[in-house]
Amino acid sequence: MDATSRPLRVPPEMGIYAEKHELFQLLQNMLEGLLIHKPDEPIQYMISHLKQDNDHVPRICILGPPASGKTTIATWLCKQLDTPRITQETLLEETLELTKEVKAFQERGQKIPNALWANLIQERLSNVDCIKQGWILEGFPENRDQAWMLQSAGITPRHVVVLYAPDTVLIERNLGKRIDPSTKEVYHTTFDWPSDPLVQQRLVEAEGISEQETAKHLLEYHRNFPRVFQIYQQILKSINADQPCADVFSQVLTYVQTWCRSAAPFTPRILFCGPPGSGKSLQAALIAQKYNIVNICCGQLLKEAVADKTKLGELIKPYFDSGWPVPDNIVLKLLADRLNRLDCMTDGWVLHGFPKDLDQAEQMERAGIIPNRIFFLNLPSESVMERLAQRMIDPVTGERYHAMYKPAPLPDVQARLKQNPKDTEENIRICLETYYRHAGDLEEFYEDAFYINADQDPYVVFEYIESCIVKPLPHKS
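Residues numbered from 1 in each chain as written. Predicted model: local features only at pLDDT ≥ 70, side-chain atom pairs only at ≥ 80, totals over all residues. Heavy atoms only, no water.

To characterise two packed helices, one gives the angle between the axes of the helices and the distance between these axes. Relative orientation of the contacting elements helix H14 (residues 280–291) and helix H23 (residues 458–469) amounts to 55 degrees, with a least axis distance of 10 Å. On the basis of the axis angle, H14 is oblique to H23. The two elements H14 and H23 meet at a crossing, and its hand is right-handed. When H14 is examined against H23, the residues Leu282, Gln283, Leu286, Ile287, Lys290 and Tyr291 are found in contact with a partner set consisting of Pro458, Tyr459, Val461, Phe462, Ile465, Glu466 and Ile469. (Axes fitted to C-alpha atoms, helices over the stretch in contact; angles between N-to-C directions. Helix = DSSP H or I, 4+ residues; strand = E, 2+ residues; numbered from the N terminus. Parallel < 35°, antiparallel > 145°, perpendicular 65-115°, else oblique. Left-handed = near helix turned anticlockwise from the far one by under 90°. Contact = heavy atoms within 4.5 Å.)

Ranked by internal contacts, the top residues of the largest apolar core, which has 49 residues, are Ile62, Leu77, Leu163 and Val252. Non-local contacts of isoleucine 62, meaning those with residues more than four positions away in its chain, are made with Lys70, Ala74, Leu77, Ile136, Leu137, Glu138, Gly139, Val161, Leu163 and Val252. Among the nonpolar cores identified, the runner-up in size contains 33 residues, and Val294, Val326, Ile330 and Ile374 belong to it. (Core = buried A, V, L, I, M, F, W, Y, C linked by side-chain atoms within 4.5 Å. Buried < 20%, exposed > 50% of the residue type's maximum accessible area, 1.4 Å probe, protein only.)

Turning our eyes to something else, we now look at the sheet that holds strand S11 (residues 349–352). One open sheet accounts for five strands, arranged S10-S11-S9-S12-S15; its pairing is parallel. Each of the sheet's edge strands pairs with one partner strand only, and the pair in question is strand S10 (294–297) and strand S15 (450–453). Neighbouring strand axes in the sheet, compared pairwise and without regard to direction, differ in orientation by 20 degrees on average. Against the sheet, H14 makes contact with strand S9 (269–273), S10, S11 and strand S12 (373–378), and its axis sits at roughly 160 degrees relative to S9, the strand it touches most. (Pairing = 2+ DSSP bridges.)

Once that is clear, we can look at the pattern of salt bridges. Counted according to the given criterion, the structure contains 12 salt bridges. Between lysine 333 and aspartate 337 there is a salt bridge, with the nearest N and O atoms lying 3.0 Å from each other. Remark: aspartate 337 and lysine 333 occur in helix H17 (residues 328–339); sequence separation between them is four residues, near one turn of the helix. Here aspartate 337 falls in the partly exposed class, since its relative accessible area comes to 36%. (Salt bridge = Lys/Arg side-chain N within 4 Å of Asp/Glu carboxyl O.)

Let us look at the packing of helix H19 (residues 358–366) against helix H22 (residues 425–445). Running from N to C, H19 and H22 point in directions that differ by 30 degrees, and their axes come no closer than 9 Å. Taken together, the axes of H19 and H22 are roughly parallel relative to one another. Across the interface between the two elements, Leu358, Ala361, Glu362 and Glu365 of H19 pack against Asp441, Leu442 and Phe445 of H22. For the contact of H19 with H22, the class distribution of residues is four nonpolar, no polar and three charged. (Nonpolar A, V, L, I, M, F, W, Y, C, P; charged D, E, K, R; others polar.)

Next up on the list: the side chain of aspartate 357. Considering the arrangement of structural elements, one finds aspartate 357 in the loop between S11 and H19. Comment: no salt bridge for buried aspartate 357; closest opposite-charge side chain is arginine 437, at 8.5 Å. Polar side-chain contacts of aspartate 357 include one of 3.2 Å to the backbone nitrogen of aspartate 359. A distance of 2.8 Å separates the side chain of aspartate 357 from the backbone nitrogen of glutamine 360, its partner in a polar contact. Apart from the residues lying within four places of it in its own chain, the contact partners of aspartate 357 are His438 and Leu442. (Lys, Arg positive; Asp, Glu negative; His and termini not counted. Polar contact = N/O pair within 3.5 Å; in protein donor to acceptor, adjacent residues only side chain to side chain.)

What follows concerns the packing of aromatic side chains. Taken as a whole and assessed by the stated rule, the structure comprises nine aromatic pairs. Residues phenylalanine 272 and phenylalanine 375 carry aromatic rings whose centres are separated by 5.6 Å and whose planes lie at 40 degrees to one another, so their mutual orientation is tilted. With phenylalanine 272 in strand S9 and phenylalanine 375 in strand S12, the pair connects residues that are 103 residues apart, well separated along the chain. The exposure class of phenylalanine 272 is buried, given its relative accessible area of 2%. On the accessibility criterion, phenylalanine 375 (0% relative accessible area) is buried. Among the aromatic residues, ring-to-ring pairing joins Tyr221, Phe225 and Phe229 into one connected group. A cation sits over an aromatic face here: arginine 108 above phenylalanine 105, 4.9 Å from the ring centre. (Phe/Tyr/Trp six-rings, centres within 6.5 Å; stacked < 30°, edge-to-face > 60°. Lys NZ or Arg CZ within 6 Å of the ring centre and 35° of its normal.)

Take the state of the cysteines next. Two cysteines whose sulfur atoms are joined by a covalent bond form what is called a disulfide. What the rule picks out here adds up to zero disulfides. Distance from the sulfur of cysteine 344, which forms no disulfide, to the nearest cysteine sulfur (cysteine 298) is 13 Å. Taking the relative accessible area as the measure of exposure, cysteine 344 reaches 2% and is therefore buried. Of the cysteine sulfurs around cysteine 431, a residue in no disulfide, the closest is that of cysteine 297, at 14 Å. (Disulfide = S-S within 2.5 Å.)

It is worth spelling out the pairing of strand S3 (residues 135–138) at this point. Across the two faces of S3 the burial is the same, with Trp135 and Leu137 and Ile136 and Glu138 all buried. The pairing of strand S1 (residues 59–63) with S3 spans four bridges and is classified as parallel. Pairing of arginine 59 across the sheet is with tryptophan 135, part of S3. Note that strand S2 (residues 85–86) and S3 share two bridges and pair parallel. Bridge pairing in S3 places arginine 85 opposite isoleucine 136.

Here we take up unusual backbone geometry. A negative phi angle is the norm for most residues apart from glycine, just as the trans form is the norm for most peptide bonds. Omega for the peptide link from phenylalanine 140 to proline 141 comes to 10 degrees, which places this bond in the cis form. Within the element layout of this structure, proline 141 appears in the loop between S3 and helix H9 (144–152). Residues phenylalanine 354 and proline 355 are joined by a peptide bond in cis, for which omega reads 5 degrees. Here proline 355 lies in the loop between S11 and H19. Positive phi, close to 55 degrees, is recorded for lysine 309, a residue that is not glycine. By the secondary structure assignment, lysine 309 is in the loop between helix H15 (298–307) and helix H16 (311–322).

Spatial ordering of the open sheet is given by S2-S3-S1-S4-S8, a layout of five strands whose pairing is parallel. Where the open sheet ends on each side, the last strands, each with one partner, are S2 and strand S8 (236–240).

Taken together, Asp359, Glu362, Glu365, Asp441 and Glu444 make up a surface patch of like negative charges. Among the secondary structure elements, those contributing two or more residues to the negative patch are H19 and H22. The dominant element in the negative patch, judged by the number of residues it contributes, is H19, at three residues. For glutamate 444, a relative accessible area of 64% corresponds to the exposed category. (Patch = residues over 30% accessible without salt bridge, like charges linked within 9 Å, V, L, I, M, F, W, Y side chains within 5 Å. Areas by Shrake-Rupley, 256 points an atom, 1.4 Å probe, with all protein chains shown as cover. Charge placed at Lys NZ, Arg CZ, Asp CG, Glu CD.)

So this is what it looks like as structure tokens:
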């Protein structure tokens, strides 16, 4: 979904069910499989696909030039994700039907055909461990033809990571590479020297690591990679490998654990929760403007009902006049009426200011008001106080100012500024105590919620919120 597109709209109850059970993604995966494999028995194929229940297992390619750290990162990923690691070397150690054919090419000193590599990989990935646990393919494909062969065989990665670094760095790294012939572990004379003296003694120099050989491999890589990039650009992330290995791994892990943007029909129903001053109103306004959805502030909704002298407004006015909170059943009736209007039903909505406790959240759910994206904007109490207690308003112009972020431009304006009674430190503390008394129950109720540090630039917060809206909900294994 983007700001200009008008996707297919799905009724709320259908959309909630479809997203909860991931129906659109399931259908897309089955359709892709049918088109790739063209089975003689499509129905039986779909039944088998559903029985495998492996649409969420990792399918990752780790690519990059020589000495960029592919092996280290792939090995660490395998341990973290409990996923088989597939390389050209490990394939030749397997007892697969095509292994002998590949080795025969090697023994004759002939180049192994791309189609044979693809078929060998397909055979390996059809084993039960790859079906159930997924796979991490290291160093393959190396060129466009190999990528096309993999796609033709139905091998489609979900994430492609490309490591990069300056050639001078890669050549220097390669010269220090050492191999343990017993375990096949890779070490480095500078960056990763083993502590065990016995391991140190048996290390040998890796083949083809001279400066000339490395430069030759790098030239070939740079010639082939742009075409591979074109094929995988929608799912590819480049990561600078010229930094500490732990930092590289952290970035890779973060990427492969993210979900790709969803193409499923989606009507946003967004809820913002958070302490006063956390930026709920601002973020709701930004989201509503970007996606042309309806911005619903519960407090504003109550004021409008009173101003318009509606039947519900007449019930609400006495509570406003006395300063008492409006009963939940009246608020919920007003809210349900607004959210069931055509604009909210077809375009979607973003809500803030309600619910404030568990009972209100449960009443919302019983009334059929079910958000599909929930965000908790977290802000330290000191920052809340800083944001709210220093707000002022010019009674002449109605302009809002802030002692720190937006001071009054002239002394006479500064002199006439007034503080809203609700922005006194005492009132802010009472509001914070009330919020935190109920926050834990709300967080437990909305178990699929996203949590955001709101103590940063509001547009950074907005970008994170937006990324969570256009992606499917995380899968719970």
